[in-house]
Amino acid sequence: MANILGLAWARYSQQLSKKPLPTKAVTAGCLSGASDILAQTLTSKGPINWRRTLAIAAFGFVWAGPSAHYWQAWLQKTFPKKDDKTLIKKVAVDQLTYGPICNLALMCYLALIVDGRSFDFTKQRLKNDFWAVQVNGWRFWPLVALFNYRYVPLKLRVLVINLAAFCWSTFLITRSNRKTVTVLRK
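Residues numbered from 1 in each chain as written. Predicted model: local features only at pLDDT ≥ 70, side-chain atom pairs only at ≥ 80, totals over all residues. Heavy atoms only, no water.

Visitor: How do you make sense of the nonpolar core when you look at a structure like this?
Guide: One recurring pattern in soluble globular proteins is that nonpolar side chains are buried together. Of all hydrophobic cores here, the largest spans 23 residues; its most connected members are Val114 and Trp141. Taken together, the elements giving at least two residues each to this core come down to helix 1 (2-18), helix 3 (50-78), helix 4 (84-114), helix 5 (119-151) and helix 6 (154-185). Top element by residues in this core is helix 6. It accounts for seven residues. Formed by 11 residues, the second largest nonpolar core is a distinct cluster that contains Leu75, Leu87, Tyr98 and Cys102. (Core = buried A, V, L, I, M, F, W, Y, C linked by side-chain atoms within 4.5 Å. Buried < 20%, exposed > 50% of the residue type's maximum accessible area, 1.4 Å probe, protein only. Helix = DSSP H or I, 4+ residues; strand = E, 2+ residues; numbered from the N terminus.)

Right under this line is the structure:
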């Protein structure tokens, strides 16, 4: 088993070096899809909605992986030092810009594309839920960012983000499902 994991890690590292953007996109897509499967398992008693899982995986592949790749490269170029002051600046910029944009993008995608809701419904959901989601995000993501920027090499930062996003996306998806059920019951 250890040999299989070692081989998988070696291949993954090799692909990160050869083709970083596609590797990060595929990783984000796979982990996004897996987070949806987990969320569906936690919130539904029925079979897995594979169309939904594919849509969530597509979000990871098209947005989450590539945007994190370019964002991390930009942050590293903009804040190359490793001192504490630079670390705090990097986390602050990350959390006050990229974090809210990602939450907004995912919430819109979930409502409009995945759930097939109207633009008006989506606007109302954002009005009702965005700040609560963002505040919860600020309880989670700064710790991930601090760890990532302090200890993880640039090449692997998107992987750490993807693993943390697996947890965060599962939270958002289960929250989205609960809100939908609440709205439908009223």
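Past the structure itself, the notes keep going.
Visitor: Can you help me understand the packing of aromatic side chains in this one?
Guide: Aromatic ring pairs: the centre-centre distance and the angle between the two ring planes describe each pair. Going through the model one piece at a time under the given rule, you end up with nine aromatic pairs. Centroid distance phenylalanine 130 to tryptophan 131: 5.1 Å. Interplanar angle 75°. Geometry classified as edge-to-face. On the basis of relative accessibility, which here comes to 12%, the residue phenylalanine 130 falls in the buried class. By the ring-pair criterion, three or more aromatic residues cluster together here, those being Trp71, Trp74 and Tyr98. Just above the ring of tyrosine 149 sits the side chain of lysine 90; from NZ or CZ to the centre is 5.2 Å. Lying across the ring of phenylalanine 121, arginine 117 places its NZ or CZ 4.5 Å from the centre. (Phe/Tyr/Trp six-rings, centres within 6.5 Å; stacked < 30°, edge-to-face > 60°. Lys NZ or Arg CZ within 6 Å of the ring centre and 35° of its normal.)

None of the figures reported here should be taken as evidence of function without further support.
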